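Structure at a glance
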Amino acid sequence: MKKRIASSAMAFIVLMGIVSLLSDMTHEGARSIYGAFLSMTGASAAVIGFVSGFGELLGNSLIFLTGWWADKTKKYWMFTIIGYSINLLAIPALALVPKHGWILACGLLFVERIGRAIRKPSKSTLVSFASKEIGEGKTFAILEFMDQIGAFLGPVLLFLILLIQGQDQDFAIYRTLFLFLGIPAGLTLVVLLYTKKIYPNPSSFEKEKPVKKPFELKSTFLLYMIGIAFFAFGFIDFPIITLHLMNQPYILFNTLPLLYALAMLVDAFSALFFGWYFDRYGYRVLIISTLLSAGFAYLIFNANSIIMVLSGVILWGIGMGAQETILKATVASLIPKSNRSFGFGIFEVGFGLFWFLGSWLLGYLYDVNIVLMISLSVMSQLFAIPFFWLMIINNKQVQT
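All figures in this text were calculated on a predicted structure; none of them were measured in a lab.

In this section: the overall build of the chain. Secondary structure assignment for the chain yields 16 helices and zero strands. For 400 residues, the compact-globule estimate of 2.2 N^0.38 gives 21 Å, and the chain sits close to it at 20 Å. Dimensions of the chain, computed from C-alpha atoms along their principal axes, come out at roughly 60 × 45 × 30 Å. With 400 residues in all, the chain has 60% of them scored as buried. Across the chain, the fraction of contacts at a sequence separation of at least 24, relative to all contacts at a separation of at least 6, is 87%. When the accessible surface of the chain is summed, it comes to about 15,700 Å², and 70% of that surface belongs to carbon and sulfur atoms. Where the 29 positive side-chain charges of the chain centre and where its 20 negative ones centre are 12 Å apart.

Given below as structure tokens:
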């Protein structure tokens with residue numbers, strides 16, 4: 001009986017992984033060209049950094065509300081489906097943006113982030129139910145692996161289209177790219193609705209009784225959130241990276257999506273490793289992953305060759321793999337079932353707030369002092385490590 005339940009839980013996780021794969025083909029494919037696209041519509045580096053960061057803040061602030069609301073109503077599937085619909089359909093709509101319509105483009109990017117805010121805590125909660133049968137680390141690693149395979153395929157698809165169209169940086173080509181991304185967006189919704197039909201009640205995978213007392217912000221979780229704040233603040237978003245690289249003589253315009261695809265591929269395989277490591281050794285993987293990724297800004301923005309750029313992109317991918325796997329697995333392991341969507345909401349709000357502040361400031365510094373930008377990025381990520389260490393010590397004391 002237990003094997004059958006575990007097998008069913010795994011099948012559910014794989015289906016949700018396919019949803020993640022197709023959706024990431026859409027929005028990560030788009031993300032690989034956001035920086036160059038917004039620049040062509042008239043946006044500066046500071047504006048791109050603001051939009052990138054504020055989009056995360058807007059989405060993650062709403063996650064706090066939608067996470068609480070989902071826990072209150074228990075309608076996790078409803079929030080997931082509505083969120084994906086808004087999240088994904090905003091991307092092909094970018095094909096309608098006129099030549100100098102950076103304000104409209106930014107508005108659609110905000111809409112995309114709002115859709116993500118509606119679906120993300122509910123989706124993570126649905127998956128977390130099944131994770132109790134498989135293991136939190138392995139579950140989110142599988143999901144992230146499939147997610148990032150999609151994030152790899154999306155930019156590769158765009159690269160092939162650019163290869164066919166030619167190497168001229170023509171604004172009309174970007175419209176074509178966003179239209180093509182509507183195909184995986186539609187397939188995502190089809191697979192999502194099929195998964196709901198087969199597994200209407202994923203909460204049955206987790207037999208743990210709901211905790212009746214209200215959610216408490218325990219010291220272990222607070223230390224974790226402080227560490228996450230430093231990490232998010234210093235982690236430069238890829239639109240700033242593409243904005244920088246598109247002006248470098250050693251980078252061809254039509255290879256920008258391929259660089260993002262490389263980062264997503266590294267993300268996928270590092271997620272598998274970190275997920276396995278998390279289930280086996282616990283929270284210490286937070287320290288290891290942060291140490292590995294902290295230097296990406298120096299390599300990318302101080303590069304004088306493609307080798308340095310590739311090395312930096314690989315480290316950036318490692319950092320992303322940690323974000324989407326062990327950061328979520330940590331929340332799932334710390335927060336009880338009855339409040340988990342709200343817990344994911346708190347995590348996303350904190351992460352999004354400091355991602356916004358960091359993206360805005362780092363985007364501004366890119367225009368005025370790139371050395372200071374690099375230094376702030378590296379040091380902020382390294383400042384997260386002492387808090388992760390204190391969290392580990394505190395968690396051991398609580399359990400003893």
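More follows now that the structure is in view.
Moving on, we get to the packing of helix 3 (residues 76-89) against helix 4 (residues 102-134). Geometry of a packed helix pair, given as the angle between the helix axes and the separation of the axes. The N-to-C vectors of helix 3 and helix 4 enclose an angle of 145 degrees; their axes lie 7 Å apart at closest approach. Judged by the twist between their axes, the crossing of helix 3 over helix 4 is left-handed. Note on element contacts: helix 4 touches helix 3 through Val 111, Glu 112, Gly 115, Arg 116, Ile 118, Arg 119, Ser 122, Lys 123, Thr 125, Leu 126 and Phe 129, opposite Tyr 76, Trp 77, Phe 79, Thr 80, Ile 82, Gly 83, Tyr 84, Ile 86 and Asn 87. Class assignment of the residues belonging to the contact of helix 3 with helix 4 gives a composition of 10 nonpolar, six polar and four charged.

Looking now at the nonpolar core. Phe 178, Tyr 224, Phe 301 and Trp 316 are the most contacted members of the largest nonpolar core, which totals 124 residues. Examining the composition of this core, we find that 16 residues originate from one element, helix 1 (residues 2-40), more than from any other.

For the rest of this paragraph, the subject is the packing of helix 5 (residues 136-165) against helix 10 (residues 256-281). It is the contact of helix 5 with helix 10, at a shortest axis distance of 8 Å, that shows an interaxial angle of 170 degrees. Considered as vectors, helix 5 and helix 10 are oriented roughly antiparallel to each other. Tallied by class, residues from the contact of helix 5 with helix 10 come to 22 nonpolar, three polar and five charged.

Let us look at a nonpolar patch on the surface. Among the surface-exposed residues, Met 78, Ile 82, Ile 86 and Val 111 lie close enough to one another that they form a single nonpolar patch of about 290 Å² accessible area. Here the nonpolar patch takes three residues from helix 3, the largest share from any one element. With respect to the helices and strands, the residue Ile 82 is situated in helix 3.

Another aspect to go through is helix 8 (residues 219-234). Three- or four-residue spacings in an α-helix give side chains the same orientation, since the helix completes a turn every 3.6 residues. Over its 16 residues, helix 8 extends 23 Å from the first C-alpha to the last, a length consistent with the 22 Å expected when each residue adds 1.5 Å. For helix 8, the tally of buried residues reaches 12 of 16 residues, placing the bulk of the element in the interior. Of the residues making up helix 8, those classed as buried are Thr 220, Phe 221, Leu 223, Tyr 224, Met 225, Gly 227, Ile 228, Ala 229, Phe 231, Ala 232, Phe 233 and Gly 234.

Turning next to the packing of aromatic side chains. Enumeration over the complete set of coordinates arrives at 25 aromatic pairs. Seen in terms of ring centroids, Tyr 224 and Phe 347 are 6.2 Å apart; in terms of plane orientation they differ by 15 degrees. Their pairing is stacked. Note that Tyr 224 is positioned in helix 8 and Phe 347 in helix 15 (residues 340-368), a separation of 123 residues in sequence. Taking the relative accessible area as the measure of exposure, Phe 347 reaches 3% and is therefore buried. These aromatic residues form a ring-pair network of at least three members: Phe 221, Tyr 224, Phe 231, Phe 235, Phe 238, Phe 296, Trp 316, Phe 347, Phe 351, Trp 355 and Phe 388.

Oppositely charged side chains can form a pair if their charged atoms are brought close together. Scanning all chains against the criterion turns up four salt bridges. Residue Asp 237 pairs with Arg 31 through a salt bridge whose shortest N-O separation is 2.1 Å. Of this pair, Asp 237 sits in the loop between helix 8 and helix 9 (238-245) while Arg 31 sits in helix 1, and the two are 206 residues apart along the sequence. For Asp 237, a relative accessible area of 5% gives the class buried. One salt-bridge network, held together by shared partners, links Glu 28, Arg 31 and Asp 237.

Here we come to the environment of Leu 153. Residue position: Leu 153 is located in helix 5. The partly exposed category is assigned to Leu 153, whose relative accessible area is 33%. With 123 residues separating them along the chain, Leu 153 and Ala 30 place their C-alpha atoms 11 Å apart. In this structure, Leu 153 is in contact with Leu 21 and Met 25, ignoring residues within four places of it in sequence.

What counts and what doesn't
Every chain is numbered independently, its residues counted from 1 as its sequence is written. Residues qualify for local features only when their pLDDT is at least 70, as the model is predicted, and side-chain atom pairs are given and counted only at 80 or more; totals for whole chains, interfaces and linings, by contrast, use all residues. The side-chain quantities take in all heavy atoms of the structure and omit both hydrogens and water. For helices the rule is a DSSP run of H or I covering at least 4 residues; for strands it is a run of E covering at least 2, with both sets numbered from the N terminus onward. Atoms considered for the radius of gyration are the C-alpha atoms alone. The globule rule reads 2.2 Å times the number of residues to the power 0.38. Accessible area is worked out with a 1.4 Å probe on protein chains only. A residue is then buried under 20% of its type maximum, exposed over 50%, and partly exposed in between. Should any heavy atoms of two residues lie within 4.5 Å, those residues are counted as being in contact. Residue exposure ignores everything except the shown protein chains as possible cover, and the areas themselves are Shrake-Rupley values with a 1.4 Å probe. His residues and chain termini do not enter the charge count, which takes Lys and Arg as positive and Asp and Glu as negative. Throughout, a charge is located at the NZ atom of Lys, the CZ atom of Arg, the CG atom of Asp or the CD atom of Glu. For every element, the axis is a line fit to its C-alpha atoms; helices are fit only across the contacting stretch, and the angle between N-to-C directions ranges from 0 to 180 degrees. Should the near helix be turned counterclockwise from the far one by less than a right angle, the crossing is left-handed, whereas a clockwise turn marks it as right-handed. In this classification, the charged set is Asp, Glu, Lys and Arg, the nonpolar set is Ala, Val, Leu, Ile, Met, Phe, Trp, Tyr, Cys and Pro, and all remaining amino acids, among them Gly, are polar. What makes a nonpolar core is a set of buried Ala, Val, Leu, Ile, Met, Phe, Trp, Tyr and Cys residues whose side-chain atoms join them at distances within 4.5 Å. Each angle gets one of four labels, with under 35 degrees taken as roughly parallel, over 145 as roughly antiparallel, 65 to 115 as roughly perpendicular, and the rest as oblique. Patch building starts from residues that exceed 30% relative accessible area and form no salt bridge, then joins like charges within 9 Å and nonpolar side chains (Val, Leu, Ile, Met, Phe, Trp, Tyr) within 5 Å. Definition used for salt bridges: Asp or Glu carboxyl oxygen within 4 Å of a side-chain nitrogen of Lys or Arg. What a helix is expected to span follows from its residue count: subtract one and scale by 1.5 Å. Here the aromatic set is Phe, Tyr and Trp, taking the six-membered ring for Trp, and pairing holds for ring centres within 6.5 Å; pairs whose planes are under 30 degrees apart are stacked, those over 60 apart are edge-to-face, and all others are tilted.

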